[in-house]
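Summary of structural features
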Amino acid sequence: MSTPFSVLQQSLPYLLQGVWVTLVVVLGSLSLGLLVGLPLAVGQVYGPRPLKRIIGLYVWFFRGIPLLVLLFLFYFGLFPFLHLDFSAFTVAIIVLGSISSAYQSQILRGAILSIPEGQMKAARAIGMSDAQAIVHIILPQALRLAIPGWSNEYSVLLKDSAVTYALGVAELMARAHHVASRTYQHLVLYLCAGFIFMILTFLGTRALNALHRKVKLKGYS
């Protein structure tokens, strides 16, 4: 009869393959969230009122519906209805990225609003357009100020990525569940998966904190 230690030893390489899938899902979602969330944040701060309302509805939608519901809605409902044949892996990144974009838009919006209005006025005074001022003056500072918020967003996405196993994405949690259901060594395998998630959280947040210290300006946040 296999012992918990022998099962873990044999299955560890298989579990570690799932770590790469998890990281691709998380980093892909985080990147998509930034690409979509950045213009959403700019639109909420500088856009006309109708645009602000539309963005507000987008943020409300993706922040208000549970992740599992959105995964099923897009994978089994919306994409088949639109005749789009996306894999579970792709849908996971799209859904997590959309949710992340809603949260990142608020992180970036807060960062933009924390920048003194006088900087925009000064940019206009030297002949810069609003778009130039936003791109060259406001956003570089906002991105720097948003790094602590990204650290938290990374942690949330990493934990949420475990839910994508419900679609069949072969990430860490899915692989741990697959082995546990066949060996009945649930305790040791789920403990191992949790420990790996803790390590990934620690390493990711440490990296983002190090980046924040590197770009931080003396006397500023």
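Above this text you will find the structure in question.
Residues numbered from 1 in each chain as written. Predicted model: local features only at pLDDT ≥ 70, side-chain atom pairs only at ≥ 80, totals over all residues. Heavy atoms only, no water.

**Quick look at the packing of aromatic side chains**
We count it as follows: Between the rings of Phe, Tyr and Trp (Trp by its six-membered ring), a pair exists once the centres lie within 6.5 Å; its type follows the angle of the planes, with under 30 degrees stacked, over 60 edge-to-face, and the other angles tilted. Only DSSP runs of H or I reaching four residues or more are called helices, and only runs of E reaching two or more are called strands; each is numbered from the N terminus. Think of it as a cone above the ring: NZ of Lys or CZ of Arg counts as a charge over the ring if it is within 6 Å of the ring centre and within 35 degrees of the ring normal.
One pass over the structure, following the stated rule, counts 7 aromatic pairs. A ring pair is formed by Tyr 58 and Phe 62, whose centres lie 4.8 Å apart and whose planes are at 55°; its orientation type is tilted. With Tyr 58 and Phe 62 both in helix H2 (residues 49–64), this residue pair falls 4 residues apart, about one helical turn. Among the aromatic residues, ring-to-ring pairing joins Tyr 58, Phe 61, Phe 62, Phe 74, Phe 79 and Phe 86 into one connected group. The ring of Tyr 14 is capped by Arg 175, whose NZ or CZ atom sits 4.7 Å from the centre of that ring.

**Quick notes on the packing of helix H5 (residues 117–125) against helix H6 (residues 130–145)**
Quick reminder of the rule: Here an angle of 0 to 180 degrees is reported between the N-to-C directions of two axes, which are lines fitted to C-alpha atoms, with helices fitted over the stretch in contact. Put simply, angles under 35 degrees are roughly parallel, angles over 145 are roughly antiparallel, angles from 65 to 115 are roughly perpendicular, and the rest are oblique. For any helix crossing, the convention is left-handed if the near helix is rotated counterclockwise from the far helix by under a right angle, and right-handed if that rotation is clockwise. A contact between two residues is defined here by any heavy atoms of the two lying within 4.5 Å. For this scheme, ten residues count as nonpolar: Ala, Val, Leu, Ile, Met, Phe, Trp, Tyr, Cys and Pro. Four count as charged, namely Asp, Glu, Lys and Arg, and the remainder, Gly too, count as polar.
Between H5 and H6, whose axes approach to 10 Å, the crossing angle comes to 140°. One way to sum up the angle between H5 and H6 is to call them oblique. Read as a crossing pair, H5 and H6 show a hand that is right-handed. Contacts between H5 and H6 involve Gln 119, Met 120, Ala 123 and Arg 124 from the former and Asp 130, Ala 133, Ile 134, Ile 137, Ile 138 and Gln 141 from the latter. Here the residues of the contact of H5 with H6 sort into 6 nonpolar, 2 polar and 2 charged.

**As for the side chain of Ser 105**
Stated precisely, the cut-off is as follows: Burial classes: relative accessible area under 20% of the type maximum marks a residue as buried, over 50% as exposed, and values in between as partly exposed (1.4 Å probe, protein chains only).
By secondary structure assignment, the location of Ser 105 is in helix H4 (residues 88–113). Looking at Ser 105, the relative accessible area reads 0%, which means it is buried. Those residues within four positions of Ser 105 in sequence are excluded, and the remaining contacts are Gly 37, Leu 40, Ala 41, Gln 44 and Val 59.

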